[in-house]
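These are the residues of each chain, in order.
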Amino acid sequence: MSATANSKATAAPAAVAGAVDRSYPARRTLEAVAAPLAALLLATAAFALFLLALGKSPADFFDLVWQGAFGSWFSLQNTLQRAAPLLLTALCVAIPAQLGLVIIGGEGAFVLGGLAAAVAALPLDGVWPPLVQLVMAAAGIAAGGAWIALTGLLRARRGVNETVASLVLAYIGIALFNHLVEGPLRDPSSLNKPSTWGIGDANMLGPLPGTDLHPGLLVGVIACLLCWLLIYRTATGFAARVTGGNLRAAQLQGLPVGRLIIAACALGGAFAGLGGMIEVAAVHGRANASLIAGYGYAGILIAFLARHNPLAIIPMAVLLGGIGAAGGLLQRRLGLPDATVVVLQGFIFVAILASETLYGRIAWFQPRGGR
Amino acid sequence: MLSRRSLLSGAAAGGAALTLGGGLRPAQAATLTIGFIYVGPKDDYGYNQAHAEAAAMLKKMPGVKIVEEEKVPETDDVEKTMESMIQLDGASLLFPTSFGYFDPYMLRTAKKYKKVQFRHCGGLWTDKDPMNTGSYFGYIGMGMYLNGIAAGYASKSKKLGFVAAKPIPQVLLNINSFTLGARSVNPGITTQVIFTGDWSMPVKEAEATNSLADQGVDVVTMHVDGPKVVVETAERRGMYVCGYHANQAALAPKGYLTGAEWNWITVYKMFLADAQGGKALPNFVRGGLAEGFVKMSPYGPAVSAEARKHIDAIKAEMMKGGFAVIKGPLKDNKGALVVPAGTAYPETAIQLESMNYLTEGVLGSIS
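Residues numbered from 1 in each chain as written. Chains lettered and ligands numbered in written order. Predicted model: local features only at pLDDT ≥ 70, side-chain atom pairs only at ≥ 80, totals over all residues.

## What about the overall build of chain A?
Here is step 1: Across its full length, chain A holds 13 helices and 0 strands.
Here is step 2: Helices and strands in chain A line up, N terminus first, as α-α-α-α-α-α-α-α-α-α-α-α-α.
Here is step 3: The C-alpha atoms of chain A give 23 Å as radius of gyration, which agrees with the globular expectation for 371 residues (21 Å, within 12%).
Here is step 4: Overall, chain A is about 75 × 60 × 40 Å in size when its C-alpha atoms are taken along their principal axes.
Here is step 5: Burial analysis of chain A (371 residues in total) assigns 50% to the buried set.
Here is step 6: Looking at chain A alone, contacts between residues at least 24 apart form 77% of all its contacts between residues at least 6 apart. (Helix = DSSP H or I, 4+ residues; strand = E, 2+ residues; numbered from the N terminus. Rg over C-alpha atoms; globule rule 2.2 N^0.38 Å. Buried ≥ 20, exposed ≤ 12 C-beta atoms within 10 Å, placed from the backbone. Contact = placed C-beta atoms within 7 Å.)

This is the structure we're talking about:
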């Protein structure tokens, strides 16, 4: 049967192939881009109605979103800086998700990774800074990885629900963080904002050349690319996706399901912990309550918006960063409360998540003909 | 010397140099743009509202444009907010009002924008910090002592409650001042303190207030960012309550006794006058009741005439200056002598800024 038998396919010259539907992979990619874009447009339209109901001009609003998030080099940097920590915390959700796990405790791994990194730098006073940074990164990765691996262990060995376990462990992690920062690890001179001792200016990660952006952005993008390769181009990634697709089938095939679960959790946690390390080494210079800023939780939203595809995490993190960056300008120019951008985010999330149901429904995107 | 005009043109030039794309609004020579940044919502009946109320008053003054942003976290977000106010709104004077904005975020931004003036609420500035930065703060512990006197008269059970965020020096001074005020009325009074662990924990604050009520506490006060939940819960449980940060009388018309409020408009008007008059802004500003940095809420209906007389008398003494709440001999709640006899620390004393104890009469512990 020829692909042209499909009435809609006549519109697509690329589809005039032989018996094999060669353009299907391209169309599948297009579907993955078109669905969220359509959702974004819908959400924007719905939000415009909301603004009209408030008596504000949607045109002004979206003009300001553009100005505040992307319209100038300063705004773009503002957006990218806000996106940076979210890339890594989103991976903490997206990687275990390949196995069908819903891990929502990245915040715990993030703050403990930051704390471990700050503490690791303390005894290394005067050591060559790149080495200190490397040790800090290793400490952050180890702490974050171990924290989420604990959830994986409970899941794989004891059948504990990983969603609840990771969330509760995040609360415990934050409590532990606060206890240590306000107690044994506190720099006594940090009177009214308890903090650990500083890592020292020499050990701080400088901005990327020619920008104000810290290297976390670059690290995050590279991490997303590597994770994409791991998931879609390696046997381990394939095994993980098989497990996520059908646990019984994976077990029947003799896949090491338990080990995969623990490893995926550890890897996800390692990225969140690395995010915490970068936050300490590039932004705060010490560990304190500023680390508990909700990046771990924002990562959950981004991973779900990206349908747990590491490549899609990048644009989604930029979208969320952009909304955050524009939020301030909207407050200042339109006199809208901070909650307005939360409403906009809500519209977008609901629309994009609902667009999931569109996948496989539009015939043009589906495989044709081939045997 | 900085004139307003040079401040503005400097900010514009600095902004233009750093803005590679567009987006810069030309600063208008006639108006001074001031940016206010809050860590929580502007209408929290607390810390942020106290600043926002003053900003609203400032907005009505001629030659001033106010830009505000709420719910800005103490991360590099606040750096971007400050830069955005400078670059996109042409702000030349910034008030980042949350304690945690100072180091490293405000200091870093100030080094980058040398022509913009930064004044931070929290009293952290030292002469090692950039000269275009500064800090201001108020001695509100005196207000807490007066709260304590009101509570001492109102309490029948002789058990008071204090819902606190974190055991840091500022908070400990308030708890101790409140307790000492109450015990100046009746030395048998105790204050049960509950730490919630963070500045804004509405659920824990409600739980803490309820558990205090269950223990027989009949007057409660607090040191958290938004006292709203504590005040409302106290009113519902039939307790008396002393306010903090801003006036919460509207939330507890029956039980509100009085409250220790910030009066930031005094500070902001002073900075504005200097900026508009072309004078250099001071780097380090502090004041208490006498200087008008702090004020008391009007008395509620439950404050007796005797209590009013007593509070007014002590307040008059405080206004004269030199009044010391923390004075020896003073024991902590474990029995150790923390201030020897003959030593007194007035509100300006540096020793109060590293307070690490709860005084006798406070039930609870720091660690």
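Moving on from the coordinates now.
## What about the overall build of chain B?
Here is step 1: When helices and strands are tallied, chain B shows 10 helices and 17 strands.
Here is step 2: Taking 2.2 N^0.38 as the reference for a compact globule, 367 residues should give roughly 21 Å; the C-alpha atoms of chain B span a radius of gyration of 21 Å, in line with that estimate.
Here is step 3: The principal-axis extents of the C-alpha atoms in chain B amount to approximately 65 × 45 × 40 Å.
Here is step 4: Looking at chain B as a whole, 55% of its 367 residues qualify as buried.

## A closer look at the interface of chain A and chain B
Here is step 1: Across the contact, 24 residues belong to chain A and 31 residues belong to chain B.
Here is step 2: Where the side of chain A that touches chain B is concerned, the elements lending two or more residues are α3 (73–97) and α12 (310–334) of chain A.
Here is step 3: Residue classes in the side of chain A that touches chain B are distributed as 8 nonpolar, 13 polar and 3 charged. (Nonpolar A, V, L, I, M, F, W, Y, C, P; charged D, E, K, R; others polar.)

## Description of the domain arrangement of chain B
Residues and elements named next belong to chain B.
Here is step 1: Per the domain assignment, the segments making up chain B are domain 1 (4–138) and domain 2 (141–261 + 295–363).
Here is step 2: Facing the 9 residues of domain 1 at the interface are 10 residues of domain 2.
Here is step 3: For the side of domain 1 that touches domain 2, the residue count by class is 3 nonpolar, 4 polar and 2 charged. (Domains from an automatic or database assignment.)

## Considerations on the nonpolar core
Here is step 1: A:Leu87, A:Ala90, A:Leu91, A:Ile302, A:Ile313 and A:Ala317 are the most contacted members of the largest nonpolar core, which has 115 residues in total.
Here is step 2: If one sorts the elements of this core by residue count, helix α10 (residues 257–284) of chain A sits on top with 18 residues.
Here is step 3: If near-sequence neighbours (up to four positions away) are discounted, A:Ala317 is found in contact with A:Ala83, A:Leu86, A:Leu87, A:Ala90 and A:Ile302.
Here is step 4: Counting 112 residues, the second largest nonpolar core, distinct from the first, contains B:Ala55, B:Val67, B:Ala110 and B:Met144. (Core = buried A, V, L, I, M, F, W, Y, C linked by C-beta atoms within 7 Å.)

## Description of the sheet that holds strand β3 (residues 93–96) of chain B
Consider a sheet: its strands pair through backbone hydrogen bonds, and that pairing is either parallel or antiparallel.
Residue and element names in this part refer to chain B.
Here is step 1: Read across the sheet, 6 strands follow the order β2-β1-β3-β4-β5-β11 without closing on themselves; strand pairing throughout is parallel. A strand with exactly one partner marks an edge of an open sheet, and here the two such strands are β2 (64–69) and β11 (284–287). The average angle at which neighbouring strand axes cross in this sheet is 15°, direction not considered.
Here is step 2: Inspection of the sheet shows strand β1 (residues 32–37) paired to β2 by 6 bridges, in the parallel sense. Within β2, the position partnered with Ile-37 by the bridge is Glu-69. (Pairing = 2+ DSSP bridges. Axes fitted to C-alpha atoms, helices over the stretch in contact; angles between N-to-C directions.)

## A few points about the pairing of strand β9 (residues 240–245) of chain B
Residues and elements named next belong to chain B.
Here is step 1: Of all 6 residues that make up β9, 6 are buried, and the element is covered over most of its length.
Here is step 2: The pairing of strand β8 (residues 219–223) with β9 spans 2 bridges and is parallel. The residue bridging Val-220 from the neighbouring strand is Val-241, located in β9.
Here is step 3: Running through helix α8 (residues 228–236), the crossover from β8 to the neighbouring parallel element β9 is right-handed.
Here is step 4: Where β9 meets strand β10 (residues 256–262), 4 bridges bridge the pair, whose relative direction is parallel. By the bridge assignment, Tyr-244 is partnered in β10 with Ala-260. (Right-handed = clockwise from strand over helix to strand, strands pointing away.)

## What to know about the sheet that holds β8(B)
Residue and element names in this part refer to chain B.
Here is step 1: Taken in spatial order, the 7 strands of this open sheet run β12-β10-β9-β8-β6-β7-β17, and their pairing is mixed. One side of each edge strand has no neighbouring strand; the edge strands of this open sheet are β12 (294–296) and β17 (362–363).
Here is step 2: As paired strands, β10 and β12 are joined by 3 bridges and run antiparallel to one another. Counted as the bridge partner of Glu-261 is Lys-295 from β12.
Here is step 3: The strands touched by helix α5 (residues 141–154) within the sheet are β6 (159–164), β8, β9, β10 and β12, with β10 carrying the most contacts at an inclination of about 175°.
Here is step 4: The strands touched by helix α7 (residues 202–214) within the sheet are β6, β7 (190–195) and β8, with β6 carrying the most contacts at an inclination of about 170°.

## Let's talk about unusual backbone geometry
Residues and elements named next belong to chain B.
Here is step 1: Cis geometry is found at the peptide bond from Asp-103 to Pro-104, where omega equals 5°.
Here is step 2: Despite not being glycine, His-245 has its phi angle at roughly 75°, a positive value.
Here is step 3: By the element assignment, His-245 lies in strand β9.
Here is step 4: With 24 C-beta atoms packed within 10 Å, His-245 lands in the buried category.

## A few points about the packing of α3(A) against α12(A)
All names here are of chain A.
Here is step 1: Between α3 and α12, the shortest axis-to-axis distance is 7 Å and the interhelical angle comes to 135°. As summarised for this structure, α3 and α12 are arranged oblique, according to the angle between their axes. Seen along the crossing, α3 lies across α12 with a hand that is right-handed. Residues Ser-75, Asn-78, Thr-79, Leu-80, Arg-82, Ala-83, Leu-86, Leu-87, Ala-90, Leu-91 and Ala-94 of α3 form the contact with α12, whose participating residues are Pro-310, Ile-313, Ile-314, Ala-317, Val-318, Leu-320, Gly-321, Gly-322, Gly-324 and Ala-325.
Here is step 2: Classifying every residue of the contact of α3 with α12 gives 14 nonpolar, 6 polar and 1 charged. (Parallel < 35°, antiparallel > 145°, perpendicular 65-115°, else oblique. Left-handed = near helix turned anticlockwise from the far one by under 90°.)

## Points about α5(B)
The periodicity of an α-helix, 3.6 residues per turn, causes residues three or four positions apart to be oriented the same way.
Here is step 1: With 14 residues, α5(B) ought to run about 20 Å at 1.5 Å a step, and its terminal C-alpha atoms sit 20 Å apart, in line with that.
Here is step 2: Burial analysis of α5(B) places 14 of its 14 residues in the buried class, the great majority of the element. (Expected span 1.5 Å × (residues − 1).)

## So, the confidence of the model for chain B
All names here are of chain B.
Here is step 1: Model confidence for chain B is summarised by a mean pLDDT of 91, while 92% of its residues fall at 70 or above.
Here is step 2: In the model, residues 1–29 has pLDDT below 50 throughout and makes 57 contacts with residues more than four positions away in sequence or in other chains.
Here is step 3: For this predicted complex, the interface confidence comes out at an ipTM of 0.82, alongside a pTM of 0.85. (pLDDT = per-residue confidence, 0-100.)

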